[in-house]
Every structure is written in structure tokens, then in C-alpha cells.
Amino acid sequence: SQTIHQWPATLVQPVGSPLSLECTVEGTSNPNLYWYRQAAGRGLQLLFYSVGIGQISSEVPQNLSASRPQDRQFILSSKKLLLSDSGFYLCAGDAGFETQYFGPGTRLLVL
Amino acid sequence: GDSVTQMEGPVTLSEEAFLTINCTYTATGYPSLFWYVQYPGEGLQLLLKATKADDKGSNKGFEATYRKETTSFHLEKGSVQVSDSAVYFCALSDHNAGNMLTFGGGTRLMVKP
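Is there a simple way to explain unusual backbone geometry in this structure?
Peptide bonds are, in most cases, trans, and in most cases residues other than glycine have a negative phi. Residue and element names in this part refer to chain A. Note the cis peptide between tryptophan 7 and proline 8, where omega equals 0°. For proline 8, the location among the structural elements is in the loop between β1 (3–7) and β2 (10–13). At asparagine 30, a residue that is not glycine, the phi angle is positive and equals roughly 50°. For asparagine 30, a relative accessible area of 47% corresponds to the partly exposed category.

Explain the sheet that holds strand β7 (residues 56–59) of chain B here, please?
Working definition: the strands of a sheet are paired by backbone hydrogen bonds and lie parallel or antiparallel to each other. Residue and element names in this part refer to chain B. The strand order β3-β9-β8-β7 describes an open sheet built from four strands, whose pairing is antiparallel. Across the chains shown, the open sheet's two edge strands, defined by having one partner strand only, are β3 (19–21) and β7. The mean inter-strand angle of the sheet, taken between neighbouring strand axes irrespective of direction, is 15°. As paired strands, strand β8 (residues 62–65) and strand β9 (residues 75–77) are joined by three bridges and run antiparallel to one another. Looking at the pairing, phenylalanine 62 lines up with lysine 77 of β9.

I'm lost on the pairing of strand β6 (residues 55–58) of chain A in this one. Help?
Along any regular strand, the residues point their side chains to alternate faces of the sheet. Residue and element names in this part refer to chain A. Pairing analysis gives three bridges linking strand β5 (residues 44–52) to β6, with the strands arranged antiparallel. Across the sheet, phenylalanine 48 pairs through a bridge with serine 58, a residue of β6. Taken together, β5 and the strand that follows it, β6, pair antiparallel across an intervening segment of two residues, in which glycine 54 is found at a positive phi of about 75°.

What is the right way to look at the environment of Lys60(B) in this model?
All names here are of chain B. Here lysine 60 lies in the loop between β7 and β8. A residue is classified by how much of its surface remains accessible, and lysine 60, at 51% relative accessible area, is exposed. Ignoring any residue separated from it by four or fewer positions in sequence, one finds lysine 60 in contact with Tyr39, Gln45, Leu47 and Lys77.

Help me understand the state of the cysteines, please; the structure alone is not making it clear to me.
As used here, a disulfide is simply a covalent bond connecting the sulfur atoms of two cysteines. One pass over the structure, following the stated rule, counts two disulfides over all chains. Put simply, Cys23(A) and Cys91(A) are joined by a disulfide, and their sulfur atoms are 2.0 Å apart. Taking the torsion about the S-S bond as the criterion, the Cys23(A) to Cys91(A) disulfide, at about -70°, is left-handed. Here Cys23(A) is found in strand β3 (residues 19–26), whereas its partner Cys91(A) is found in strand β9 (residues 87–94), with 68 residues between them in sequence. Here Cys23(A) matches Cys91(A) in class, with each residue buried. Note on cysteine connectivity: Cys23(B) is disulfide-linked to Cys90(B), with sulfurs 1.9 Å apart. Given an S-S torsion of about -70°, the disulfide between Cys23(B) and Cys90(B) has left-handed geometry. You can see Cys23(B) sitting in strand β4 (residues 23–26) and its partner Cys90(B) sitting in strand β10 (residues 86–93), a full 67 residues away along the chain. Looking at Cys23(B), the relative accessible area reads 0%, which means it is buried.

What is the right way to read the interface of chain A and chain B from this model?
Frequently, the measure chosen for interface size is the accessible area that the parts lose on association. The interface of chain A with chain B comprises 22 residues on the first partner and 19 residues on the second. For the pairing of chain A and chain B, the buried interface totals around 1,500 Å² over both sides, and the portion due to carbon and sulfur atoms is 56%. Joining chain A to chain B, the criterion identifies zero salt bridges. Our enumeration of links across chain A and chain B arrives at four residue pairs in polar contact (both at pLDDT 80 or more). Of all elements in the fold, only β4 (32–38), β5 and β9 of chain A reach the threshold of two or more residues within the side of chain A that touches chain B. Looking at which element gives the most residues to the side of chain A that touches chain B, the answer is β4(A), with four residues. When grouped by side-chain class, the residues that make up the side of chain A that touches chain B number ten nonpolar, seven polar and five charged.

Reading the values: the criteria
- Residues numbered from 1 in each chain as written.
- Chains lettered and ligands numbered in written order.
- Predicted model: local features only at pLDDT ≥ 70, side-chain atom pairs only at ≥ 80, totals over all residues.
- Heavy atoms only, no water.
- Helix = DSSP H or I, 4+ residues; strand = E, 2+ residues; numbered from the N terminus.
- Buried < 20%, exposed > 50% of the residue type's maximum accessible area, 1.4 Å probe, protein only.
- Pairing = 2+ DSSP bridges.
- Axes fitted to C-alpha atoms, helices over the stretch in contact; angles between N-to-C directions.
- Contact = heavy atoms within 4.5 Å.
- Disulfide = S-S within 2.5 Å.
- Buried area = accessible area lost by both parts, 1.4 Å probe.
- Salt bridge = Lys/Arg side-chain N within 4 Å of Asp/Glu carboxyl O.
- Polar contact = N/O pair within 3.5 Å; in protein donor to acceptor, adjacent residues only side chain to side chain.
- Nonpolar A, V, L, I, M, F, W, Y, C, P; charged D, E, K, R; others polar.

So, in C-alpha cells, the structure goes:
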């Protein structure tokens, strides 16, 4: 079975600073990968998904971007954080089958 | 487009009470249906799933039956425990849209001793 790793677990950043969140996958090759955001007390919003190296699809236009430099690595970035970027960021993957497995999440607080 | 609607929470129950969390969906194709659980401060864990009509998914005392005629996938448990306190998400995967998941808004369950 696959395991999703995320880091850092918690991050506090000032407004206007850059962001880099990392997600890596163990136990499978060529997974589909996903970034979700969960605002406090709310549901999940799909931000990006990737079906392979260098292939990124964006679901919501915003100041965030994603990259997939390696098969099992998925990075979420921002050049300048906004207050509204605060939230819980979840990485997920599937092995081409329909069940997605989630990482432990990164809690981001922008001050 | 596809959508999932869950009952709004929070749902507050006493230990050993019966739990039902309603979930209904709309989809253009023949989706698979999922329940995920999120314990405080953690990511989501797959709780159970069903891939076709009349299938029953079950795990840890929870169960849900895929009802095509009512487009529903209600989550039930006969006797909840304090440790079941979490947020529960219903989701669907429409095979016409790859493996993309559409989530409901989540339902917070609080179980009191």
C-alpha cells in the first residue's frame, strides 16, 4: 500500500513571504497526486492534481502553484502568501485506482 | 457536474447511541462512493467504500449501503464511542472523470461519555 509523507507539519509565515510544502509518496510508481486545502471548519477544496512528472492541472486560480519534479514528489508553492492562504493542506495520491490515500497534512498560519 | 451533500453538523451523541450521517449525491455516470474520517489534527483516512449499486461498505462497526434509487450513501453505526469523535466526509469518484474525488462538506461528530 502507498504512504503519503508531508512536511512540515506546522508552519507559521508572515504575509508576503514565500511558501514551499513538500509531499512524497512511498509504495507505488506513477501515482496521480493531489493537493487539497481545508479552511477552518470547512470541507476540502481541490487545488491541483498531477498525472505525471511535469503535468499539473489547476482547479482554482490563485496565487499558489504546484510542481512535480519527480514521479513521487509533489510541491506546493507560493511567491507571496496572503492571509487567506491560511488553512490545512493535504496531499493525496492514488495508484491509478480510485481510492485516494492522504498524508497527515500541513497546518499553515499566515500572519 | 457531480456533487455530494451531507447533513450539516455538528452531530452530538451520547456514547452507545445509534449514528446516522446522511449523504446524497448527483453524478452523470456510475460513481464509486466513499466515507473518509478525519480525526482532530490529522489527515483523512478511508473508512469504507462501495463501488456499485446495492454494495455495502463496512469497517470498524460503520457501514453504508450504495442506494442508486435514492442516490444515497448514508453512514451508520449501531453504538458510537467517544473515540469516534471526528469529521466524516462523504465522497464520490466518477469514472467518467478519472479518479477525481468530489467531497461533501463534512459532518463533525462529537460523542460524549
